[in-house]
Amino acid sequence: MDAVTAMMQVSVPKLSLAELEDEFREQSSLGGDLIQVKSSDGGWVFRSPSTQQFAPELVKIASADQPGVHETETKGKRYRVLTQPLEIGGRKYLVQVAANISDFAELQRKFFWLTMLLIPLMIVGASTGGYWLSGRAFKPVTTIIEKARSINATNLSSRLAVSGNKDELHKLSETLNGMLDRIESSFKKVQQFSDDASHELRTPISLIRTTAELALRRERDPETYRTALNEILIESEKTSEMIESLLVLARSDASSQPQLPLLKTDIAAIVRDCCNKVAPFTQSRELSHVVDLPSTPTVILGDAKFLERLLLLILDNAIKYSHPGGQIRTKLERIAGSVTVTVEDTGIGISEEDLPRIFERFYRADKARSRDGAGAGLGLSIAKWIADMHHAELLVASSVGQGSSFTIRFPQISVE
Ligand SMILES: Nc1ncnc2c1ncn2[C@@H]1O[C@H](COP(=O)(O)OP(=O)(O)O)[C@@H](O)[C@H]1O
Ligand SMILES: [Mg+2]
């Protein structure tokens, strides 16, 4: 249209009608053959042959003098018609250019139907694909969930599969497996503890029962009854001691157990007290006990009751595992600001294999000997726990046949 207008603006003032027609013919052969120009008096300035032949509708529109773009259909073909008024040299014209858009319309129609068909297909495809993809992406998570659900107290040793890729899921599986390791080891400890506890408790209880049954089987003299009752008493004392120890350990295991309140305590006084308390036992076992304590108070942060228990446990062992005539030496020292309490004996000693295990619950180096020695193998595990509560170290040095030395090293305190 711009080309036609430009051509007319140039040509109309200087060309005759016949020459203008020629010019139009040339133009129409170049830019499309549907061109018609009407002058304001109603006469046609130019009508291309195709316009006359194929598009009577265009004539109608042109006659209606409607400027703008219209679409019209004729003989099964669709045209887009642009009508524009034009004024050149005081004369008015109406220029009309049309284009056959049937192919385009057909294409548009086909495209419309194709889109209508493809959109649902694409939606279905995308949803199915998305579902499949998310299913694939979440498959490892689902596997972890299923596996985690299947793990319980009976199969605590199962672990989640760890993927090869070092991604977040790999980390998640490893973290959960680490957690399972910790739970399993605590669970095993608890199980071992309760197994050992019931086993250890069964022995004195069955001894008490057998002694009583035997005594009651027939009429006996008072002396036999007294002996039986005495045995029963000794075994019950052992049992209640053991139950007491088990309770201490069970409480120490409970995570809600608060830390011991540690107060300024004179450890020298506690050691002196304990040595006095064990004096009857050292004497009865013909042991000499050398006690080397400072005369002035030695203050540490601690719990007097538990410290006494700790010392008695160590002293009890020193007495129990010594030969008659042996010597026990208890000393308190201040070394480089820290306070150490050492209990040395000249007893049976502990072998190298046993040494790392003596702090374990129910561990006894010599089970046969310990049986009549009344120990259940819980003493040192309680001692270790009490030392831990005081942030103290419990160290042992020993050689078989030579004797043992247990040292409790309390940390330095700044306030005294
Ligand atoms: N002073 C010691 N001399 C020799 N062996 C010792 C001494 N103290 C502890 N032991 C060994 O360590 C084991 C664990 O001690 P403990 O936990 O107190 O249990 P228990 O005294 O009930 O046997 C003892 O059974 C013993 O074999
Ligand atoms: Mg003991």
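Nothing here was measured: the structure is a model prediction, and the numbers come from that model.

A. Focus on the overall build of the protein chain. The helix and strand tally for the protein chain stands at eleven helices and twelve strands. Here the C-alpha coordinates of the protein chain stretch approximately 155 × 60 × 35 Å along the principal axes. The burial tally for the protein chain puts 36% of its 416 residues in the buried class. The contacts of the protein chain with a sequence gap of at least 6 include a subset with a gap of at least 24, amounting to 60%. Carbon and sulfur atoms provide 58% of the accessible area of the protein chain, an area that totals close to 25200 Å².

B. Geometry of the site of ligand 1. Close to ligand 1 lie 22 residues, the nearest being Asn317, Lys320, Tyr321, Gly377 and Leu380. Measuring from an oxygen atom of ligand 1, one finds a backbone N or O atom of Gly377 at 2.8 Å. Interatomic distance of 3.3 Å between a backbone N/O atom of Gly379 and an oxygen atom of ligand 1. Out of a free accessible area of 530 Å², ligand 1 has 97% covered by protein chains. At the level of secondary structure, the elements contributing two or more residues to the shell around ligand 1 comprise helix H9 (304–320), helix H11 (379–389) and strand E12 (403–410). Top contributing element to the shell around ligand 1 by residue count: H9, with three residues.

C. Geometry of the nonpolar core. The biggest cluster of nonpolar side chains holds 51 residues, and the ones touching the most others in it are Ile267 and Phe410. Residue assignment for this core shows that the elements contributing at least two residues are helix H6 (168–216), helix H7 (222–253), helix H8 (267–284), H9, strand E9 (327–335), strand E10 (338–345), H11 and E12. For this core, the leading source of residues is H9, giving nine residues. Two domains each donate at least three residues to this core, and these are domain 2 (168–253) and domain 3 (263–410). Not counting chain neighbours up to four residues away, the residues in contact with Phe410 comprise Ile267, Ile300, Leu307, Ser338, Val339, Val341, His390 and Ala392. Membership of the second largest hydrophobic core comes to 16 residues, among which are Val4, Met8, Val37 and Phe46.

D. Fine view of the sheet that holds E9. Read from one edge to the other, the open sheet built from five strands follows the order E7-E9-E10-E12-E11, with strand pairing classed as mixed. Looking at strand neighbours, the two that pair on one side only are strand E7 (288–292) and strand E11 (393–399), the edges of this open sheet. Each neighbouring strand pair of the sheet contributes to a mean axis angle of 15 degrees, computed without reference to strand direction. In this structure, E11 lies alongside E12, joined through seven bridges in antiparallel fashion. Looking across to E12, one finds that Leu395 is bridged to Thr407. On top of the sheet, H8 reaches E7, E9, E10 and E12; it is set at about 180 degrees to E9, its chief contact. In this fold H9 packs onto E7, E9, E10, E11 and E12, with an angle of close to 25 degrees to the strand it touches most, E10.

E. Expanded view of the environment of Asn230. Tracing the backbone shows Asn230 in helix H7. Owing to a relative accessible area of 45%, Asn230 belongs among the partly exposed residues under this scheme. Separated by 19 residues in the primary sequence, Asn230 and Thr211 place their C-alpha atoms 10.0 Å from one another.

F. Expanded view of the sheet that holds strand E4 (residues 77–88). One open sheet holds the five strands; their spatial order is E2-E1-E5-E4-E3, and the pairing between them is antiparallel. Each of the sheet's edge strands pairs with one partner strand only, and the pair in question is strand E2 (44–47) and strand E3 (68–74). Between one strand and the next, the sheet's axes are offset by a mean angle of 20 degrees, whatever the strand orientation. Judged from the seven bridges that link them, E3 and E4 form a sheet pairing that is antiparallel. Its bridge partner being in E4, Glu71 is matched across the sheet by Arg80.

G. Just a nonpolar patch on the surface, in detail. A cluster of nonpolar side chains, Leu114, Leu117, Leu118, Leu121 and Met122, forms an exposed patch at the surface whose accessible area comes to about 520 Å². Position of Leu117 relative to the elements: it lies in helix H5 (residues 102–150).

H. Local environment of the domain arrangement of the protein chain. When the domains of the protein chain are assigned, the result is domain 1 (2–100), domain 2 (168–253) and domain 3 (263–410). Using C-alpha coordinates to define each centre, domain 2 is positioned 24 Å away from domain 3. At the interface, 15 residues of domain 2 touch eleven residues of domain 3. Counting each side, the surface lost to burial between domain 2 and domain 3 is near 1200 Å², with a carbon and sulfur contribution of 65%. Along the contact surface separating domain 2 from domain 3 lie one salt bridge. For Glu244, the salt bridge is made with Arg309, and the minimal N-O distance between the two is 3.9 Å.

I. The pattern of salt bridges, seen in detail. Scanning the entire structure with this criterion turns up 17 salt bridges. Put simply, Glu235 and Lys238 hold a salt bridge, and the shortest N to O gap is 2.9 Å. Taken together, the positions of Glu235 and Lys238, both in helix H7 and three residues apart, correspond to about one turn of that helix. Of the residues examined, Glu235 reaches a relative accessible area of 8% and is grouped as buried. A relative accessible area of 15% places Lys238 in the buried class. Of the charged contacts, one joins Asp292 and Arg329 as a salt bridge, the two residues approaching to 3.8 Å between their closest N and O atoms. Here Arg329 lies in strand E9 and Asp292 lies in strand E7, a separation of 37 residues in the sequence. Assessed through its relative accessible area of 36%, Asp292 is described here as partly exposed.

Cut-offs and rules
Residues numbered from 1 in each chain as written. Chains lettered and ligands numbered in written order. Predicted model: local features only at pLDDT ≥ 70, side-chain atom pairs only at ≥ 80, totals over all residues. Heavy atoms only, no water. Helix = DSSP H or I, 4+ residues; strand = E, 2+ residues; numbered from the N terminus. Buried < 20%, exposed > 50% of the residue type's maximum accessible area, 1.4 Å probe, protein only. Contact = heavy atoms within 4.5 Å. Areas by Shrake-Rupley, 256 points an atom, 1.4 Å probe, with all protein chains shown as cover. Near = heavy atom within 4 Å. Polar contact = N/O pair within 3.5 Å; in protein donor to acceptor, adjacent residues only side chain to side chain. Core = buried A, V, L, I, M, F, W, Y, C linked by side-chain atoms within 4.5 Å. Domains from an automatic or database assignment. Pairing = 2+ DSSP bridges. Axes fitted to C-alpha atoms, helices over the stretch in contact; angles between N-to-C directions. Patch = residues over 30% accessible without salt bridge, like charges linked within 9 Å, V, L, I, M, F, W, Y side chains within 5 Å. Salt bridge = Lys/Arg side-chain N within 4 Å of Asp/Glu carboxyl O. Buried area = accessible area lost by both parts, 1.4 Å probe.

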